[in-house]
Amino acid sequence: MIDWKLKETNYDENRIAYLGNKFLIGNGYMGVRGTLAEYEKEHLPAINLAGIYDRVGDGWREPLNAPNGFFTCIVVDGKILRLPEIPPKNHRIELDYRHGIFSRSTTWKTDRGSITVESERFVSMKNVHLGVMKYKVFADFHADVQVVYGIDADVWDINGPHYDSVEFVEDDVLGVVATTHEKHYKVAVSAGDKTNFPCEKKIGTKDKKVLKSINFVTDINASYEIDRYFSVYTSKDCGDCLYESVNDIDKSLLCGYEDAKEVHKETWEALWKDSEVVIEGDDCAMEALNYSLYHLHSIAPRHTDSLSIAARGLSGQTYKGAVFWDTEMFMLDFYSMTNPAVARSLVKYRIDSLEGAKEKAESYGYKGAFYPWESQEGGFDACSDYNVVDVFTKRPMRTFFKDKQVHISSAVVYGIRRYVDITGDKSILSEGGAVTIIECALFYYSLLLRRAGATAYEIHDVIGPDEYHERVNNNGYTNRMAKYTFEKALEILKNINDLSEGERNKINSLYDVNKLIEQFEDAAGNIFIPKPDRNGIIPQFDGYLKLEDTTIDVVKSRLLDPKEYWGGAYGVASQTQIIKQADVVTLISLFSNEIDSEIQKKNLNYYEPRTEHGSSLSACMYSLLYCKCGIPDKAYPFFMKSASADIAPGGKEWAGLVYIGGTHPAAAGGAYMVAIKGFGGLQFNGDEISINPKLPKGWKKLSYKIKYRNKIYQIDITEEKSEIKEIK
Ligand code: BGC
C-alpha cells in the first residue's frame, strides 16, 4: 500500500525548477509551485492563476502569477538564513498528495547552535482564493530571531513584468493591489497572521514587498508559531477584489489554522472517494497513477462553470498557459467519469469561445469554427507564427502549428460528444454545444478538396499530431476526425427535435438544415481515409512511406546542435519516417472497431520504433493500443512513462535560456485512460458498461469507481473474477 507522500531530503540547488513542479499544490484557481517560502523570483516561485492573462510588448501573452502571499524568511543573530545561499544541516520537503499539503523542515547550524524552520502549507480546496501556512521556529539555544513575512509583488515572469502599478496596504492585514499592463485587470492579495506568542509587529514596504517583521529570543526548544493566510481575488472574480480578499482573511483568522486544514482535507477526501484507483501488487504503479490524479484534481476548475486547463496545468507560464487538444483528447475522460461538473466546465469553455474560433476561420478564408491551437481567454489563439527559435541563426523560425493543426476543431467536437455520452447530460447541446459541432463541421467542409474527375474528398496542407512533418496532405488522423465531425453534426441535424426549442429555433434560423444534411452526408461518405498498403501499414499522410526509412539514433546523430528543432522545413526528422508522437496509432486507438486486429498490430510494430515520443502525449496512446491488441506487458512501460511524467526526473526543462518545464496533465489523464480502459478494459454500450480486463503481470487487483450517466459503479478486477457493482 502506498503512503501518499513524496519526500526529498538533502538540498540541491540544481533541482529547484524540477521540484517546483513535482511538489506543486493547487486548487484549480491557483497553483503554487513547490518552492521554498524564502525564494524570490530568480528561484522560480509562482502562484499561477487560472484563466487570466496579460501581454507586454511583443512577448507572448501568458497567465498571471499573483503576488506571493507565502513569502517568509528568517534572520538569526543578524544573519539571513535561507536557501540556497546558506547550506543547511538538514533539509526535507514533503508533499502529502492525498491532501495537497506541502511541508518543509530545514535546520541550519550557526556559531551558537542549531535552529530549525518547519512549515506546512496548502491552498484551500474549499475556498479556492485562500492560501494557508503554519510556520514554526525552534532552536537549541537562545537565538535572536527576526521573521520577515508578507506579500512579494516582484513576481517571476517569463514575458513580464505584467504589473504596471502596485499599491501596498500597510495595515494589520497586509495588502497588494496590482494592475496588469494590457487589460488593466486588478489582482488583489491580502495577508493576515496570528502568532502563538506575544510580539510586536513592524510593518513596512521594501523591494516591491509589503512586510511584517517580528523579533523574539527563543527559549531552548520552545516552538514559535505563525499561522499565515493569504487571499487572492482578481477583477475577473468580483467588483472589489481587495475588499473580498480582506474579508477572507478576517474569516480565516476567526476560524483558525486547524479548522481550515480540516475542511481542506475533507474536501480532498470527498474527491478521492470517487476517483482513487487501487492497484494491489504494484505500489509503484499505484503511486504514479494516483499522483497523476492528484495533479488533475489540483488544476480542475471546480470554482467556475466555464474554464479549461492549460497544457502545463497551473505550474507556471510555460506554453503560455494555453489550452490545447490535450484537454479534450487526454484529460476529459478522467473528469467525465469522476467529476462531471468539472468536465462540463471544460466543454463549456470551448462553446463559450466559439466566436474566437469563427473569427480565426474567417481570417484564413474558411467557414465555420477553426479553434485556436493554443487557446486563451475568449478563444484567442496565442500560438505565434514563429514558435521556435533557430539555434544556428538565433532567428525565429516560421512554424505552422497555428495555421495547419486543423485537427483541433475535431477535438472540440470529440470533447462535447464524449462528455454527453459519459455523463448523459444532453443539456449542453442546447447551450451552444449543437451549434459548436455544426460550426466545426462547416469548417472541415470548407477545407475539402476534390481532384478533377475524382469522387473522394481530400484535405491538404495540414499538420497531424506528429508535428515534425508540416504541411502534409491527407493526414489519416485529421481526415478521420473530420469525418467523425461530419458524422456528429449529422446526428445533431437529424435529431434536432431532441434539442431545446430555443436551440432548435436558432439552428433553423442560422442554417438550411436539409442542405447541411446533404452536404455533410456527402462529405462523411466520400472523404478519403488512407487504407493499409500491401504490408498492412496505414500511411500517416500522402507519401509518408516513401520518405527515408531510418532510425531515431541515425536522425539524432545528424543533429549539429542538441537543441536543434527536429521538425519544420529543414529539421532532421522532416525528410524521414521518424515522427514526434503517436499519430496513426492515435487514429487506430480511437477507431479500433473499424480496423482489423492484425492491421492494428502491424501498425503498432511499424510505428513504435519510428516514434521519438518527443511529446508526453505519446506514450499513453501506444499503451492503449497495446492493451487493445491484447499485449498488456508491452503496454506497461508506456503506461508507467505516462503516469510518471511528473514524478520522475528527465522531462525537458530548458530551451536555451527559456524555462519550458512544468507539469504534464495530458500524460496524467492518458495514464488514467490506460488504467481504466486499457488494462481495465472498460467499455460503454448505450446505458450499459462492461469490462474486458487485461491486467499486466503482478497486478493482483484493480479497483476504482466511475460515474456513468448519473450512476456510480464500483469495479473490482482480480485475476480470478471481475465485478461491476452499481452503488447508486
Ligand atoms: C505536442 C502537442 C501538445 C502540446 C501541449 C506539443 O509538444 O506536440 O501535441 O498539444 O505539446 O502539450
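Residues numbered from 1 in each chain as written. Predicted model: local features only at pLDDT ≥ 70, side-chain atom pairs only at ≥ 80, totals over all residues. Heavy atoms only, no water.

**Here's the deal with the overall build of the protein chain**
A tally of helices and strands in the protein chain yields 19 helices and 30 strands. Relative to the globule expectation of 27 Å for 728 residues, the C-alpha radius of gyration of the protein chain, 27 Å, shows essentially globular dimensions. Residue burial in the protein chain is summarised as follows: out of 728 residues, 62% are buried. Of the contacts formed within the protein chain by residues at least 6 apart in sequence, a portion of 67% connects residues at least 24 apart. For the protein chain, the exposed area adds up to about 27,900 Å²; of that, 48% sits on carbon and sulfur atoms. When the 88 basic and 105 acidic side-chain charges of the protein chain are each reduced to a single mean position, those positions are 3 Å apart. (Helix = DSSP H or I, 4+ residues; strand = E, 2+ residues; numbered from the N terminus. Rg over C-alpha atoms; globule rule 2.2 N^0.38 Å. Buried < 20%, exposed > 50% of the residue type's maximum accessible area, 1.4 Å probe, protein only. Contact = heavy atoms within 4.5 Å. Areas by Shrake-Rupley, 256 points an atom, 1.4 Å probe, with all protein chains shown as cover. Lys, Arg positive; Asp, Glu negative; His and termini not counted. Charge placed at Lys NZ, Arg CZ, Asp CG, Glu CD.)

**A look at the layout of surface pockets**
Taken as a whole, the second largest pocket encloses approximately 1,200 Å³ of empty space. In terms of lining residues, the second largest pocket is bounded by 38 residues, among which Tyr 414, Arg 418, Leu 590, Asn 593 and Phe 684 are the most central. Of all the elements in the fold, those that place two or more residues in the lining of the second largest pocket are helix 9 (407-423), helix 11 (476-494), helix 15 (584-590), helix 17 (618-628), helix 19 (665-679) and strand 26 (682-685). For the lining of the second largest pocket, the element with the highest residue contribution is helix 9, accounting for six residues. Split by domain, the residues of the lining of the second largest pocket number at least three in each of domain 2 (280-341 + 579-728) and domain 3 (353-530 + 541-559 + 568-578). (1 Å grid on protein atoms, 1.4 Å probe; cavity = no way out; pocket = protein on both sides within 12 Å on 5 of 7 lines; lining within 4 Å. Points joined across faces, edges and corners; volume = space filled by probe spheres on them. Domains from an automatic or database assignment.)

**Regarding the nonpolar core**
Ile 74, Ile 115, Tyr 335, Ile 507 and Phe 639 are the most contacted members of the largest nonpolar core, which totals 221 residues. By residue number, the principal contributor to this core is helix 10 (residues 433-447), which donates 10 residues. Those residues in contact with Ile 74 that sit more than four places away from it in its chain are Lys 79, Ile 80, Leu 81, Trp 108, Ile 115, Val 117, Tyr 135, Val 137, Val 145, Gln 146 and Val 147. Listed in part, the nine residues of the second largest apolar core include Ile 101, Phe 122, Leu 130 and Ala 260. (Core = buried A, V, L, I, M, F, W, Y, C linked by side-chain atoms within 4.5 Å.)

**Some thoughts on the packing of aromatic side chains**
Counting across every chain of the model gives 42 aromatic pairs. Here the aromatic rings of Phe 334 and Tyr 335 are separated by 5.2 Å at their centres, their planes lie at 65°, and the arrangement is edge-to-face. The same class applies to Phe 334 as to Tyr 335, namely buried. Here the aromatic cluster, defined as three or more aromatic residues joined through ring pairs, consists of Trp 4, Tyr 97, Trp 268, Trp 272, Tyr 291 and Tyr 294. (Phe/Tyr/Trp six-rings, centres within 6.5 Å; stacked < 30°, edge-to-face > 60°.)

**Regarding the sheet that holds strand 10 (residues 114-123)**
Read across the open sheet, the nine strands follow the order 1-8-9-10-11-18-15-14-13; overall the sheet is antiparallel. Sheet topology places strand 1 (5-9) and strand 13 (163-169) at the edges, where each strand pairs with a single neighbour. Averaged over all adjacent pairs, the angle separating strand axes in this sheet is 15°, with direction ignored. Of the pairings in the sheet, the one linking strand 8 (residues 90-96) to strand 9 (residues 101-109) comprises seven bridges and is antiparallel in character. Along strand 9, the bridge assignment pairs Asp 96 with Ile 101. Packed onto the sheet, helix 2 (residues 241-255) meets strand 11 (130-139), strand 13, strand 14 (174-180), strand 15 (186-195) and strand 18 (224-234) and runs at close to 20° relative to strand 15. Relative to strand 10, helix 3 (residues 257-273) is tilted by about 50°, and along the sheet it contacts strand 9, strand 10, strand 11 and strand 18. (Pairing = 2+ DSSP bridges. Axes fitted to C-alpha atoms, helices over the stretch in contact; angles between N-to-C directions.)

**Details of the site of the ligand**
Around the ligand, the surrounding shell consists of Ala 311, Arg 312, Tyr 319, Phe 324, Trp 325, Asp 326, Trp 373, Glu 467, Lys 580, Gln 581, Ser 615 and Leu 617. Between the ligand and the protein, one listed contact pairs an oxygen atom with a side-chain N or O atom of Glu 467 at 3.1 Å. One nitrogen or oxygen atom from the side chain of Lys 580 is found 2.8 Å from an oxygen atom belonging to the ligand. Taken by itself the ligand offers 310 Å² of open surface, and the protein chains cover 96% of this. (Near = heavy atom within 4 Å. Polar contact = N/O pair within 3.5 Å; in protein donor to acceptor, adjacent residues only side chain to side chain.)

**Here's the deal with the domain arrangement of the protein chain**
When its domains are assigned, the protein chain resolves into domain 1 (5-273), domain 2 (280-341 + 579-728) and domain 3 (353-530 + 541-559 + 568-578). Domain 2 and domain 3 are separated by 22 Å when their C-alpha centres are compared. Counting across the domain 2 and domain 3 interface gives five salt bridges. Close ionic contact of Asp 333 with Arg 418 constitutes a salt bridge, the shortest N to O distance being 2.7 Å. Our count for the domain 2 to domain 3 interface comes out at 16 residue pairs in polar contact (both at pLDDT 80 or more). (Salt bridge = Lys/Arg side-chain N within 4 Å of Asp/Glu carboxyl O.)

**Regarding the pattern of salt bridges**
With the rule as written, the count across this model stands at 49 salt bridges. Between Arg 471 and Asp 461 there is a salt bridge, and its shortest N-O distance comes to 2.8 Å. Separated by 10 residues along the polypeptide, Arg 471 in the loop between strand 23 (457-458) and helix 11 and Asp 461 in the loop between strand 23 and helix 11 bring together distant segments of the chain. Through salt bridges with shared partners, a single network forms among Glu 40, Arg 82, Glu 85, Asp 152 and Lys 209.

**Here's the deal with the side chain of Thr 485**
One can find Thr 485 in helix 11. Aside from chain neighbours lying at most four places away, what touches Thr 485 is Ser 410, Val 413, Ile 437, Cys 440, Ala 441 and Tyr 444.

**What about the pairing of strand 10?**
Burial analysis of strand 10 places eight of its 10 residues in the buried class, which makes it a mostly covered element. Where strand 9 lies against strand 10, eight bridges are found, and the strand directions are antiparallel. Bridge pairing in strand 10 places Arg 104 opposite Ser 119. Counted along the chain from strand 9 to the antiparallel partner strand 10, the turn is four residues long, and its residue Gly 113 has a positive phi close to 155°.

**Focus on unusual backbone geometry**
Note that the residue after Leu 83, namely Pro 84, is joined by a cis bond; omega there is 0°. Topologically, Pro 84 is positioned in the loop between strand 7 (79-81) and strand 8. The step from Gly 160 to Pro 161 runs through a cis peptide bond, and the omega angle for that step is 0°. Looking at the secondary structure, you find Pro 161 in the loop between strand 12 (144-152) and strand 13. A positive phi angle, close to 60°, is found at Arg 471, a residue other than glycine. In this structure Arg 471 comes out as partly exposed when scored by relative accessible area, which is 40%. Residue Asn 710 is not a glycine yet carries a positive backbone phi of 70°. The exposed category is assigned to Asn 710, whose relative accessible area is 70%.

**Notes on helix 6 (residues 340-352)**
Helix length check: helix 6, at 13 residues, gives a terminal C-alpha distance of 18 Å against a target of 18 Å (1.5 Å per residue), a fit within 8%. Buried residues dominate helix 6, accounting for 10 of its 13 residues. Considering only its buried residues, helix 6 is in contact with helix 5 (326-338), helix 7 (354-363), helix 9 and helix 10. (Expected span 1.5 Å × (residues − 1).)

**What to know about the environment of Glu 269**
Tracing the backbone shows Glu 269 in helix 3. Spatially, the C-alpha atom of Glu 269 lies 7.4 Å from that of His 99, the residues being 170 residues apart in sequence. Those residues within four positions of Glu 269 in sequence are excluded, and the remaining contacts are Arg 98 and His 99. Of the polar contacts made by the side chain of Glu 269, one reaches the side chain of Arg 98; its length is 2.9 Å.

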